[in-house]
Amino acid sequence: MGRVVGASRAPALEARDYRPLRFGRLREFVERESVFSWLILTPPLLFLLLFLGYPFFYGVYLSFFRREVTGPATFVGLGNFVTLANDPIFWQSVGNTIKFTGAATVLKALGGLGMALVMNQNFKFKAITRALLLLPFIVPTVLSTVAWQWIYDPGLGLFNRLLVESGLSKSGFSWLGSPTMAMISVIIVNTWRGLPFFGISILAGLQTIPVEQHESATIDGAGTWDRFRHVTLPSLLPVIFIVTTFSVILTFFDFQLVYVLTGGGPANSTHLMATYAYSLSMGAGQMGLGSAVALSMVPVLGLLLVLLTWYVRKD
Amino acid sequence: MDKAGKKVALDSSETVKVVEYVKRLYKEACIEDCIGWLDPHNNKAFLTSQISCTNNAYSIMVSAKRDLPDMGKVIDHALNPKGPAGRFHALVPVTHGVFAYGPDPQAAKDFLRWIMDPKQYRPWISSGDMYFAPYLHAFDKFPDWDIEPRVKPFQKVLETGKLTSWPAPANRAHGAVINRWIVIDMFTKACTGTPTKTAIAEAVTQLKQIYG
């Protein structure tokens with residue numbers, strides 16, 4: 001860059017007196033790409049360090065202490081983790097988180113793929129349909145979850161009223177009342193909310209597949225299913241992989257949905273690790289123990305990030 | 001917990017009897033949903049005629065009198081049934097605290113002393129229509145209890161009301177037990193299929209972990 005500027009400036013410099021630029025040296029230093037990029041990165045980096053880094057490191061620090069609200073902190077080393085290892089509710093929340101994440105991600109991936117394939121077609125009102133299908137993801141989670149609370153209400157809720165009025169059921173289901181149904185209900189809401197994320201991302205991937213590939217496949221005699229299997233799916237796999245990893249991360253750390261809908265559910269049956277950490281810290285005032293639960297989620301996050309980085313670097 | 005608050009007393013034959021009783025109660029007299037209820041759900045269930053009896057403060061009658069007058073006319077209150085060890089009610093005190101690190105703790109304490117004086121306290125309690133019951137003995141014969149006779153059982157509750165930690169003292173550990181729903185979950189698990197002994201054992205383990 002410097003050489004090109006120099007070459008184009010040369011005649012101008014010869015034409016008049018050369019005067020050194022104000023702060024010339026400093027400006028030259030700043031305009032170096034390596035320096036400039038760090039300069040641009042510094043404000044957001046500081047922001048992240050302050051609002052993400054500081055709470056994170058404080059949480060790590062807290063997890064090694066017995067720290068109750070309004071009480072002094074006493075160092076317990078790995079004591080909190082030992083307590084958690086013997087806590088059946090902690091293990092229940094781990095199991096719940098895995099079940100919740102696994103089921104919801106599979107449903108979202110399949111549903112998102114279907115949604116993307118539909119949205120990729122040309123039909124009337126395509127634009128407005130796409131906008132409407134995005135709504136679950138855009139509406140603030142707390143708002144939509146409160147609405148779902150009403151939908152699931154055993155007496156007045158939409159689902160049970162429809163079931164009872166249509167004669168399909170005498171009294172409807174106990175959507176949030178029984179441990180199994182509560183987990184199913186929570187998975188349904190998470191799937192409803194996360195589907196557009198998959199749909200939109202996979203749609204973007206679909207639109208990068210060259211039309212010629214489809215055309216040549218059709219010419220070679222491939223039917224719709226064959227085209228999907230041999231043209232669409234292989235091209236989509238990278239997108240699906242990345243989106244799935246992101247979704248697993250977001251779903252694993254989900255808090256709002258479960259907190260609003262069931263608060264951890266009947267007898268801890270929908271407690272995720274995030275809601276359990278909150279319940280221990282804010283509910284029971286045991287900040288050290290809550291931080292330890294939160295910290296025990298980090299290895300999973302680390303693993304997923306490593307996986308994602310490996311995959312991206314591979315390309 | 002025991003009276004000293006040191007030993008876990010939940011592991012007993014009485015607890016087994018209670019859990020078995022609650023299992024029967026749940027199966028025969030409660031709607032399935034109640035194990036997933038949060039605070040407002042029983043009010044809602046009662047006011048929408050899903051249930052006809054519940055354990056609550058008298059807020060349900062207040063809502064009914066305002067929004068469902070026909071129901072409001074027939075609602076009444078009664079004391080908890082008596083058990084083999086006596087009649088008990090849960091006392092949920094609303095208490096005041098002064099932060100020691102505040103700019104003027106003494107002024108805050110003086111204010112509390114002032115507001116608890118009968119001259120200020122009576123109108124304050126009256127303005128709540130006796131929803132908040134004054135439980136200092138000086139106010140035992142509070143005349144406002146007679147305004148709505150159907151709330152008089154709440155006045156009688158004070159005679160048998162106990163803090164939820166009773167007979168143990170109420171302390172931070174007990175707060176953790178309440179906030180982590182340990183005893184409630186014991187009943188919920190038993191009602192949803194966990195064997196009684198297992199549900200009790202799990203609650204005892206957690207109590208031991210909390211009380212240390």
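Everything numeric in this text was worked out from a predicted model, so none of it was measured.

Trainee: Pulling in residues and values, what's your account of empty space enclosed by the protein?
Mentor: Any empty space left between atoms is shown by rolling a water-sized probe over those atoms. In the structure shown here, the tally under the stated rule is 1 cavity of 30 Å³ or more. If you add up the space inside the largest cavity, you get close to 70 Å³. Looking at side-chain class alone, the lining of the largest cavity contains 5 nonpolar, 3 polar and 2 charged residues.

Trainee: I'd love a proper account of the packing of aromatic side chains, names of residues and values included.
Mentor: Evaluated as defined, the whole model comprises 31 aromatic pairs over all chains. An aromatic cluster is built from Trp148(A), Tyr152(A), Phe159(A), Phe173(A), Trp175(A) and Trp192(A), whose rings are joined through pairwise contacts. Just above the ring of Trp150(A) sits the side chain of Lys44(B); from NZ or CZ to the centre is 4.7 Å. Residue placement shows Lys162(B) over the ring face of Trp166(B); its charged tip is 5.0 Å from the ring centre.

Trainee: Give a description of the packing of helix H6 (residues 126-138) of chain A against helix H9 (residues 179-206) of chain A that names residues and reports values.
Mentor: All names here are of chain A. Put simply, H6 and H9 touch, their axes get as near as 6 Å, and they point 130° apart. Considering their axes alone, H6 and H9 lie oblique with respect to each other. Of the two possible hands of crossing, H6 and H9 adopt the one that is left-handed. Residues Arg130, Leu133, Leu134, Pro136 and Phe137 of H6 lie in contact with H9, whose contacting residues are Trp192, Arg193, Gly194, Pro196, Phe197, Ile200 and Leu203. Tallied by class, the residues present in the contact of H6 with H9 amount to 9 nonpolar, 1 polar and 2 charged.

Trainee: Explain helix H11 (residues 224-252) of chain A to me, using residue names and the numbers behind them.
Mentor: All names here are of chain A. The end-to-end C-alpha distance of H11 is 35 Å, clearly below the 42 Å that 29 residues give at a rise of 1.5 Å each. At Leu233, H11 shows its largest kink, close to 45°, and the proline Pro234 lies no more than four residues downstream. On its buried face, H11 sits against helix H5 (88-119), H9, helix H10 (211-219), helix H13 (273-283) and helix H15 (298-314).

Trainee: Lay out the interface of chain A and chain B in plain terms, naming residues and giving numbers.
Mentor: Where the parts come together, the accessible area they lose is often given as the size of the interface. Contacts between chain A and chain B engage 28 residues on the former and 19 residues on the latter. Counting the surface chain A buries against chain B, the share from its top three residues, Pro154(A), Ser174(A) and Ala267(A), is 18%. Between Asp87(A) and Arg180(B) there is a salt bridge whose closest N-O contact spans 3.8 Å. Tallying contributions element by element places H13(A) first for the side of chain A that touches chain B, with 3 residues. Per-class residue counts for the side of chain A that touches chain B are 13 nonpolar, 11 polar and 4 charged.

Trainee: How would you summarise the nonpolar core if you had to cite specific residues and measurements?
Mentor: Residue and element names in this part refer to chain B. If you look at the biggest cluster of nonpolar residues, it comprises 19 residues, and the most contacted ones within it are Leu10, Met186, Leu207, Ile210 and Tyr211. If you list the elements that add at least two residues to this core, you get helix H8 (172-179), helix H9 (182-191) and helix H10 (196-211). For this core, the leading source of residues is H10, giving 7 residues. Once you skip the residues sitting within four places of it in the chain, Tyr211 turns out to touch Met1, Gly5, Asn171, Ala173, His174 and Val177. Judged by nonpolar contacts, the second largest core, of 18 residues, contains Trp37, Ala45, Phe139 and Trp145.

Trainee: Quick one: what's the story with the pattern of salt bridges, residue by residue and with numbers?
Mentor: Inspection of every chain in the model, using the stated rule, returns 16 salt bridges over all chains. Among the salt bridges present, the one from Arg193(A) reaches Asp254(A), with a minimum N-O distance of 3.4 Å. Of this pair, Arg193(A) sits in helix H9 while Asp254(A) sits in the loop between H11 and helix H12 (256-261), placing them 61 residues apart in sequence. As far as burial versus exposure is concerned, Arg193(A) and Asp254(A) are alike and both buried. Of the charged contacts, one joins Asp146(B) and Lys152(B) as a salt bridge, the two residues approaching to 2.4 Å between their closest N and O atoms. Linked through salt bridges whose partners overlap, the residues forming this network are Arg66(A), Glu68(A) and Arg172(B).

Trainee: Break down unusual backbone geometry for me, with residues and values.
Mentor: As a rule of thumb, non-glycine residues mostly have phi less than zero, and peptide bonds are mostly trans rather than cis. Omega for the bond connecting Trp166(B) with Pro167(B) falls within 30 degrees of zero, at 5°, which places this linkage in the cis form. Even without being glycine, Phe125(A) reaches a positive phi, approximately 60°. The phi dihedral of Asn268(A) falls on the positive side, at around 60°, and the residue is not glycine. For Asn268(A), the location among the structural elements is in the loop between H12 and H13.

Trainee: Give me the lowdown on the confidence of the model for chain B, citing residues and values where you can.
Mentor: All names here are of chain B. The predicted model of chain B averages 89 in pLDDT, with 100% of residues at 70 or higher. Mean pLDDT across the elements of chain B bottoms out in H8 (85) and peaks in helix H5 (residues 105-115) (94). Two summary scores accompany this predicted model of the complex, namely pTM at 0.79 and ipTM at 0.74.

Trainee: Give me the packing of helix H3 (residues 33-62) of chain A against helix H14 (residues 287-295) of chain A: which residues, what numbers.
Mentor: The relative placement of two packed helices comes down to the angle between their axes together with the axis-to-axis distance. Residue and element names in this part refer to chain A. The N-to-C vectors of H3 and H14 enclose an angle of 115°; their axes lie 8 Å apart at closest approach. Here H3 runs over H14; the crossing is left-handed. Contacts from Gly59, Val60 and Leu62 of H3 reach H14 at Met287, Gly288, Ser291 and Leu295.

Trainee: An account of H8(B) is needed here, citing residue identities and associated values.
Mentor: Residue and element names in this part refer to chain B. Considered for burial, the residues of H8 that qualify are Ala173, His174, Ala176 and Val177. In an axial view of H8, the angular spread of the buried residues amounts to 155°, which keeps them on one side of the axis. Against the buried residues of H8 lie H9 and H10. Once H8 ends, the next one or two residues include Trp181, with phi positive near 60°.

What counts as what
Residues numbered from 1 in each chain as written. Chains lettered and ligands numbered in written order. Predicted model: local features only at pLDDT ≥ 70, side-chain atom pairs only at ≥ 80, totals over all residues. Heavy atoms only, no water. 1 Å grid on protein atoms, 1.4 Å probe; cavity = no way out; pocket = protein on both sides within 12 Å on 5 of 7 lines; lining within 4 Å. Points joined across faces, edges and corners; volume = space filled by probe spheres on them. Nonpolar A, V, L, I, M, F, W, Y, C, P; charged D, E, K, R; others polar. Phe/Tyr/Trp six-rings, centres within 6.5 Å; stacked < 30°, edge-to-face > 60°. Lys NZ or Arg CZ within 6 Å of the ring centre and 35° of its normal. Axes fitted to C-alpha atoms, helices over the stretch in contact; angles between N-to-C directions. Helix = DSSP H or I, 4+ residues; strand = E, 2+ residues; numbered from the N terminus. Parallel < 35°, antiparallel > 145°, perpendicular 65-115°, else oblique. Left-handed = near helix turned anticlockwise from the far one by under 90°. Contact = heavy atoms within 4.5 Å. Expected span 1.5 Å × (residues − 1). Bend = angle between axes of the 7 residues up to and from the residue. Buried area = accessible area lost by both parts, 1.4 Å probe. Salt bridge = Lys/Arg side-chain N within 4 Å of Asp/Glu carboxyl O. Core = buried A, V, L, I, M, F, W, Y, C linked by side-chain atoms within 4.5 Å. Buried < 20%, exposed > 50% of the residue type's maximum accessible area, 1.4 Å probe, protein only. pLDDT = per-residue confidence, 0-100. Arc of directions from axis to C-beta.

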